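Given next are the chains, with one letter for each unit.
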Amino acid sequence: TGAIEGDVTVSAGTVTVGAAADDVTLTVAADSTLTVASGATLVLADEMTVETATGAGAEDDAVLTVDGTITVGEKVTLTIKGDAVVNGTMDVLSTKNGQGTVTVDKVTSETAYTGTLDVAGAVTVGTYNDKDAHFTVKGVMSVGTKPTTLGAGGSAAGTYTIEKGYVKVYAGADVAGA
């Protein structure tokens, strides 16, 4: 259990968080960023909760940026309350032991915020024996890049729940598997 404070980058190789103990909580604090660099992998392992701060990170960067690969393992809950970008790959796993859960969150109260997830890369929500991993959009999810003349890139596959939020799909994005 702990918090990421400041700018943290997984720059190379594979980093696994949460495998040593159950019920781990990791928070990406306000004005902080967590980046997975191209070629690097961050594995969020069994029975942990990861939550990003609301709004933007330091210097208006996204709180979570994935240029490499992030794997949301079984029994892992990732809640995106701030700005997040997937230029690489996000895999949400479903195995015989359980399903991963990702929520692009939105709360309208005294501390109103809208989680945003911009996908120029690929997000895949897995399934195992007809048990889907969970991906819920309460805030805003954009697949592809906002067109200047013609949009490009981005893909989403698997089962998604849209709960009072919305998904923007730009021209050139692939959502055939969603």
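Residues numbered from 1 in each chain as written. Predicted model: local features only at pLDDT ≥ 70, side-chain atom pairs only at ≥ 80, totals over all residues. Heavy atoms only, no water.

**Concerning the nonpolar core**
Moving on, step 1. Core analysis: the biggest nonpolar cluster contains 38 residues, and Leu-44, Leu-78, Met-90, Val-102, Leu-117, Phe-135 and Met-141 have the highest contact counts within it.
Moving on, step 2. Broken down by element, this core gets its largest block of residues, three residues, from strand β4 (residues 24-28).
Moving on, step 3. If we skip the residues at most four places from it in the chain, Met-90 touches Ile-70, Leu-78, Val-102, Ala-122, Val-123, Thr-124 and Phe-135. (Core = buried A, V, L, I, M, F, W, Y, C linked by side-chain atoms within 4.5 Å. Buried < 20%, exposed > 50% of the residue type's maximum accessible area, 1.4 Å probe, protein only. Helix = DSSP H or I, 4+ residues; strand = E, 2+ residues; numbered from the N terminus. Contact = heavy atoms within 4.5 Å.)

**Some thoughts on the sheet that holds strand β7 (residues 48-52)**
Moving on, step 1. One open sheet accounts for seven strands, arranged β1-β4-β7-β10-β15-β22-β25; its pairing is parallel. The two strands at the open ends of the sheet, each matched to only one other strand, are β1 (2-4) and β25 (161-162).
Moving on, step 2. The pairing of β7 with strand β10 (residues 77-80) spans three bridges and is parallel. Opposite Val-50, over in β10, you have Leu-78 as the bridge partner. (Pairing = 2+ DSSP bridges.)

**Let's talk about the sheet that holds strand β8 (residues 64-66)**
Strand pairs in the sheet, formed through backbone hydrogen bonds, run parallel or antiparallel to each other.
Moving on, step 1. Judged by pairing direction, the sheet is parallel, and its seven strands sit side by side in the order β2-β5-β8-β11-β18-β23-β26 without closing on themselves. Taken across any chain shown, the strands that pair with only one partner, and hence form the sheet edges, are β2 (7-10) and β26 (166-169). Averaged over neighbouring strand pairs, the angle between their axes works out to 10° when direction is ignored.
Moving on, step 2. In the sheet, strand β11 (residues 83-86) pairs with strand β18 (residues 116-119) via four bridges, with the strands oriented parallel. Directly across from Asp-83, in β18, lies its bridge partner Thr-116. (Axes fitted to C-alpha atoms, helices over the stretch in contact; angles between N-to-C directions.)

**So, the side chain of Thr-41**
Moving on, step 1. Mapped onto the elements of the fold, Thr-41 is located in strand β6 (residues 41-44).
Moving on, step 2. According to the relative accessible area criterion, Thr-41 is buried, its value standing at 19%.
Moving on, step 3. Beyond its immediate chain neighbours, meaning those up to four positions away, Thr-41 contacts Val-10, Gly-13, Thr-14, Val-15, Val-36 and Thr-69.

**Looking at the pattern of salt bridges**
Moving on, step 1. Counting across every chain of the model gives one salt bridge.
Moving on, step 2. The partner of Lys-81 in a salt bridge is Glu-51, with the nearest N and O atoms 3.2 Å apart. On the criterion of sequence distance, the pair formed by Lys-81 in the loop between β10 and β11 and Glu-51 in strand β7 is long-range, its members being 30 residues apart.
Moving on, step 3. Residue Glu-51 is classed as partly exposed on the basis of its relative accessible area, which comes to 28%. (Salt bridge = Lys/Arg side-chain N within 4 Å of Asp/Glu carboxyl O.)

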